[in-house]
Amino acid sequence: MAATDTQKRKLTVKVHRYDPERDQAPHWETYQVEAEGHDRVLDVIQNIKWYQDESLTLRRSCAHGVCGSDAMRINGVNALACKILIKNLRSDTLTVEPILGLPVIKDLVVDMKPFFDHYKSVMPYLVNDEPAPTTERLQSPEERARFDDTTKCILCACCTTSCPPFWGDRKYVGPAAIVNAHRFIFDSRDRAAAERLEILNDAEGVWRCRTVFNCTNACPRDIPVTQAIQEVKRAMLTGDVGVEEEEGAVALTA
Amino acid sequence: MASRRVKPTGGYELWWWYFMRVSGLLLVFLALGHLFITHILNNVEVINYHFVSSRWANPQTGVIWRLWDLTMINLAVLHGFNGVREVLYEYIASNRARIMVSTIIWSSAVGLIAIGSYAILLFHSDKDYIRDFEDANRGGTAIHAPVLPPTTIARQP
């Protein structure tokens, strides 16, 4: 039960392994790793790969919570392995699995194609065919703030693969795609909000969301995912994609 | 620049989502009110044919009770069956199977609503029975098993 940065902990690490060229079925393998409180789960997994079993396969790139490559299921909860500190683990047993709902390629590496196909389906880019103004497309701080949360997505898939409706129905577009649609639907410079709402107004669009809140809990960027999904639903009902009128809000621009 | 509007999408799933919110809120009051009346203000000992039929037969408040029961049964059936549909949609991905499931669900719901609404709207209270029942139980307190009027026994084959 270490709580300090440098205290060593002997961890029992259970890793969900699967090599399609060798294994009939996925199985658990257990490793013993000594780690310090300020180490991260990613360090522990790399320790296994570098010193115990080099065949262990995982994705990671920046290793600092920016690229979103090392999303995995850690002690049953989706997270980035590079953002979970050992000192914050409650027990000395650590379980690591690939994220659920996507086909496993090998060990902790999943096929992200279905995830990115859903992402692409919501037109996750700015659409504006009006002639470009001579200066910039002006946007007030309030208008920018309207979709600030959803600009933070790094497409790690922690949310979508923590979503029970997505586990049951892989055709569901999933929270990450809705978050990225939200980012443009509520952008005052964008002109394709109606099209995106139409795309998401499908039995496999926002209507599969059961407000389980797993996505909100899993998001390593603290995006209020469920709230974003509900805002998209409300926009479908009211057609309002503007800045919410808050009481006491003062317009900063004339 | 505060308001930016697009055309509301409308659509089947949207309206069902909205219905679930509104009906859920109404059912909190209707269903809890119903439970309060039947199990706290009264109890199962006194709730019988006479209790329900005299409530519906009341010339002043009968319409309100019938409206309450009618709203409650219709909202509850639609809310419940749509909930089941939504849950099943999570496990059934093929469009063909979904259409099949929806057909079964909506025809069962319509059947139940038809039977319930028929009973509530066209029910004729047996005035003689109510009068005999009240005669037989005159002077008694509410919290005990009521005595059935002799007509009940006489009607048995």
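This section reports on the structure supplied with the text. Bear in mind that the values here come from a model prediction, so they are computed numbers and not experimental data.

## Concerning the overall build of chain A
Scanning chain A for helices and strands turns up eight helices and seven strands. Along the three orthogonal principal directions, the C-alpha set of chain A runs to about 60 × 40 × 35 Å. A burial count over chain A gives 50% of its 254 residues as buried. Partitioning the intrachain contacts of chain A with sequence separation of at least 6 by distance along the chain shows that 66% fall at a separation of at least 24. Put simply, chain A shows about 12300 Å² of open surface, and 51% of that area lies on carbon and sulfur atoms. Averaging the positions of the 32 positive and the 38 negative side-chain charges in chain A gives two centres separated by 4 Å.

## Describing the overall build of chain B
Looking only at helices and strands, one finds six helices and zero strands in chain B. Counted from the first residue to the last, chain B has its helices and strands arranged as α-α-α-α-α-α. Buried positions account for 34% of the 157 residues belonging to chain B. Restricting the contact set of chain B to residue pairs at least 6 apart, pairs at least 24 apart contribute 71%.

## Things to note about the interface of chain A and chain B
Taken residue by residue, the interface counts 33 residues in chain A and 19 residues in chain B. Carbon and sulfur atoms supply 53% of the area buried between chain A and chain B, which totals about 2300 Å² over both sides. At the junction of chain A with chain B, the criterion picks out five salt bridges. Glu86 of chain B is the salt-bridge partner of Arg210 of chain A, the closest N and O atoms lying 2.7 Å from each other. Run the count over chain A and chain B and you get 16 residue pairs in polar contact (both at pLDDT 80 or more). Breaking the side of chain A that touches chain B down by element, the ones donating at least two residues are α4 (164-168), α6 (193-200) and α8 (225-238) of chain A. Sorting elements by how many residues they give to the side of chain A that touches chain B places α8 of chain A first, with six residues. For the side of chain A that touches chain B, the residue count by class is twelve nonpolar, seven polar and 14 charged.

## Focus on the nonpolar core
With 71 residues, the main nonpolar core has Val13, Ile45, Ile185, Leu200 and Val232 of chain A as its most contacted residues. In this view, Ile185 of chain A contacts Ala193, Arg196, Leu197, Leu200, Val232 and Val241 of chain A together with Arg4 of chain B; residues no more than four positions away in its chain are not counted. Trp16, Trp106, Ala109 and Ile113 of chain B belong to the second-largest nonpolar core, a separate cluster that totals seven residues.

## Observations regarding the packing of aromatic side chains
Residue and element names in this part refer to chain B. Tallied over the entire structure, the rule returns eleven aromatic pairs over all chains. The interplanar angle of 70° and the centroid separation of 6.1 Å between the aromatic rings of Trp15 and Tyr18 together place this pair among those described as edge-to-face. Of this pair, Trp15 and Tyr18 both sit in helix α1 (residues 12-41), three residues apart, which is roughly one turn of that helix. The partly exposed category is assigned to Trp15, whose relative accessible area is 48%. On the basis of relative accessible area, Tyr18 is assigned to the partly exposed category, the value being 36%. An aromatic cluster is defined as three or more aromatic residues linked by ring pairs; in this entry it consists of Tyr49, Trp56, Phe123, Tyr129 and Phe133.

## Some remarks on the pattern of salt bridges
For the coordinates displayed, the defined rule picks out 27 salt bridges over all chains. Between Arg189 of chain A and Asp187 of chain A there is a salt bridge, and its shortest N-O distance comes to 2.9 Å. Residue class for Arg189 of chain A comes out partly exposed when judged on its relative accessible area of 24%. Taking the relative accessible area as the measure of exposure, Asp187 of chain A reaches 0% and is therefore buried. Where salt bridges share partners, they join Arg208 and Arg210 of chain A together with Glu13, Arg85, Glu86 and Glu90 of chain B into one cluster.

## Structural notes on the packing of helix α5 (residues 175-185) of chain A against α6 of chain A
Packed helices, taken two at a time, are described by the angle their axes make and the gap between the axes. All names here are of chain A. It is at 9 Å that the axes of α5 and α6 come closest, and there the two elements cross at 155°. Between α5 and α6, the angle falls in the class roughly antiparallel. In this structure, α5 crosses over α6, and the sense of that crossing is left-handed. On α6, the residues that touch Ile178, Ala181, Phe184 and Ile185 of α5 are Ala193, Arg196, Leu197 and Leu200. For the contact of α5 with α6, the residue count by class is seven nonpolar, no polar and one charged.

The rules behind these values
Residues numbered from 1 in each chain as written. Chains lettered and ligands numbered in written order. Predicted model: local features only at pLDDT ≥ 70, side-chain atom pairs only at ≥ 80, totals over all residues. Heavy atoms only, no water. Helix = DSSP H or I, 4+ residues; strand = E, 2+ residues; numbered from the N terminus. Buried < 20%, exposed > 50% of the residue type's maximum accessible area, 1.4 Å probe, protein only. Contact = heavy atoms within 4.5 Å. Areas by Shrake-Rupley, 256 points an atom, 1.4 Å probe, with all protein chains shown as cover. Lys, Arg positive; Asp, Glu negative; His and termini not counted. Charge placed at Lys NZ, Arg CZ, Asp CG, Glu CD. Buried area = accessible area lost by both parts, 1.4 Å probe. Salt bridge = Lys/Arg side-chain N within 4 Å of Asp/Glu carboxyl O. Polar contact = N/O pair within 3.5 Å; in protein donor to acceptor, adjacent residues only side chain to side chain. Nonpolar A, V, L, I, M, F, W, Y, C, P; charged D, E, K, R; others polar. Core = buried A, V, L, I, M, F, W, Y, C linked by side-chain atoms within 4.5 Å. Phe/Tyr/Trp six-rings, centres within 6.5 Å; stacked < 30°, edge-to-face > 60°. Axes fitted to C-alpha atoms, helices over the stretch in contact; angles between N-to-C directions. Parallel < 35°, antiparallel > 145°, perpendicular 65-115°, else oblique. Left-handed = near helix turned anticlockwise from the far one by under 90°.

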